[in-house]
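Examining the three-dimensional arrangement
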Amino acid sequence: MDNKENILELQNVQKRYKGFVLDGISLSLPQGYILGLIGPNGAGKTTTIKILMNMVKRNGGEVQVFGLDPQKSAKQIKNKVAYLGEEQYFYGNKTVAWTGNFVRSFYDNWDTNTFQSLLTNFEISRTKKTRELSKGMKVRFSLALALSHNPDLLILDEPTAGLDPVIRREVLELLRKKSKNEGKSVIISSHITDDIMRTADLVAFLIQGKIVLVSEKDELLSNWKRIHYKKGALSSDIVNSLTRRKDHAFGSSGVTDRYLELKDLLVQGITEGVVKIENVNLDDILISLVKGV
Amino acid sequence: MDNLFIVVSPLDPDPMYKQITDQVKDAIASGGLQPETKLPSIREMSRELKISEITIKRAYSDLENEGFIITRSGLGSYIADINRDKLRQDKWQEIRKDILKILKTAKRFDISTREIIALVKEIKESSDG
């Protein structure tokens, strides 16, 4: 992935609000990849995204989106980027068709054919008033609007919050298709880590205004494991390196973030049945990172 | 219950009651759990593993139906005095399947059975030494 061009670069980006600091965020995203931004509520995910979209002014650091600074070239960037916020706002009295025409006027490269076929695919009635759309339909409609100017980067802030699993899956699959078939890049923020697990290639953990970990998802999941062991089966060195340790009458366990390194030391215990390895999910990793130990 | 090491994972493809029965059976087969050993109560196991009593109950009743444990009312569940040969027989089948898999892989890559036997001996010697 090193030889691919980064379409996004953040360096030491800072933002201060009363009671909140975005503390030197550095991130990059190569073209065609999906970056999942994971963090607890209030960690700074939305602020980071809004800085990219020039909806919030940063206090320091460098930002480049397609090589341009959002604070200087907001208009050019907007033509190449689609943004989907947590809430969708429309003129409730206006129809779907009217809203499409309205949004179209903001973009140089609007593609009416794409818009029409997305409406058809998503089964959105053109004559319906936007306030008559259900929450799921509103998200689908927003996606149709967002994709109709053929953006190279999609930024979605909690896009699936409040959606049923059927629509959630459909949205996530569409994102993967855009990324893998058409080379589009995607940033998706969510506290539903299952969504990120299914879609992202890269994962960044944002906790209390800081990026604490960025990694390829596959590498992350192959290194983070919960190790279960019978008392006495592991050396104290290994035991002490584990976090989130638990003890119960039938064994102990703890989480490691360097399983590939430990693997050889654990083989014997695994064959003897006194050590067992369990996969962890992104939730477990997030919780480990939040708690620190 | 130092002899009982049980891990139950919601991410495992097997249902949780089966994960429990498999591990208890393994402990019996390997001699870790001897006949007449008292098993923890359903409530205790539920509390320790943080798994519902319904699941543990299902595991215990499966083990009882298959003759691995005996429940004496008011006293609790005990490891039955079962024929370990039967369990060894099951393991024998498992090993047979594993070896078949190895032989199939070997065939795909043109590795002879003679080479495999030599490899088994070599591994055995190095792990003993």
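Residues numbered from 1 in each chain as written. Chains lettered and ligands numbered in written order. Predicted model: local features only at pLDDT ≥ 70, side-chain atom pairs only at ≥ 80, totals over all residues.

Right, let's get into the overall build of chain B. When helices and strands are tallied, chain B shows five helices and two strands. Reading chain B from its N terminus to its C terminus gives the helix and strand order α-α-α-β-β-α-α. Against the compact-globule benchmark of 14 Å for 129 residues, chain B has a radius of gyration of 19 Å, which places it well outside the compact range. A total of 129 residues make up chain B; the buried ones form 17% of that total. Contacts in chain B between residues at least 24 apart in sequence constitute 57% of all its contacts with a sequence separation of at least 6. (Helix = DSSP H or I, 4+ residues; strand = E, 2+ residues; numbered from the N terminus. Rg over C-alpha atoms; globule rule 2.2 N^0.38 Å. Buried ≥ 20, exposed ≤ 12 C-beta atoms within 10 Å, placed from the backbone. Contact = placed C-beta atoms within 7 Å.)

Along the backbone of chain A there are 11 helices and 13 strands. Along the first, second and third principal axes, the C-alpha atoms of chain A reach 70 × 40 × 40 Å. Buried positions account for 37% of the 293 residues belonging to chain A. Sequence separation of at least 24 residues holds for 71% of the intrachain contacts in chain A that already meet a minimum separation of 6.

Here the focus is the domain arrangement of chain B. The domains assigned to chain B are domain 1 (16-79) and domain 2 (84-128). The C-alpha-based centres of domain 1 of chain B and domain 2 of chain B are spaced at 31 Å. (Domains from an automatic or database assignment.)

Residue and element names in this part refer to chain A. A sheet is described by the order of its strands in space; here three strands give the open sequence 2-1-4, paired in antiparallel fashion. Two strands lie at the open edges of the sheet, namely strand 2 (20-30) and strand 4 (60-65), each paired on one side alone. Averaged over all pairs of adjacent strands, the angle between their axes in this sheet comes to 15°, without regard to strand direction. In this structure, strand 1 (residues 6-17) lies alongside strand 2, joined through nine bridges in antiparallel fashion. The residue of strand 2 that forms the bridge with Arg16 is Val21. (Pairing = 2+ DSSP bridges. Axes fitted to C-alpha atoms, helices over the stretch in contact; angles between N-to-C directions.)

Summary statistics for chain B give a mean pLDDT of 90 and a share of 98% for residues scoring 70 or more. At the level of individual helices and strands, chain B shows its lowest average pLDDT in helix 4 (residues 84-108) of chain B, which scores 88, and its highest in helix 3 (residues 53-65) of chain B, which scores 96. (pLDDT = per-residue confidence, 0-100.)

It is worth spelling out the interface of chain A and chain B at this point. Each side of the interface is counted separately: chain A has 11 residues, and chain B has 11 residues. At three residues, the largest contribution of residues to the side of chain A that touches chain B is made by strand 13 (residues 275-279) of chain A. Grouping the constituent residues of the side of chain A that touches chain B by class yields three nonpolar, five polar and three charged. (Nonpolar A, V, L, I, M, F, W, Y, C, P; charged D, E, K, R; others polar.)

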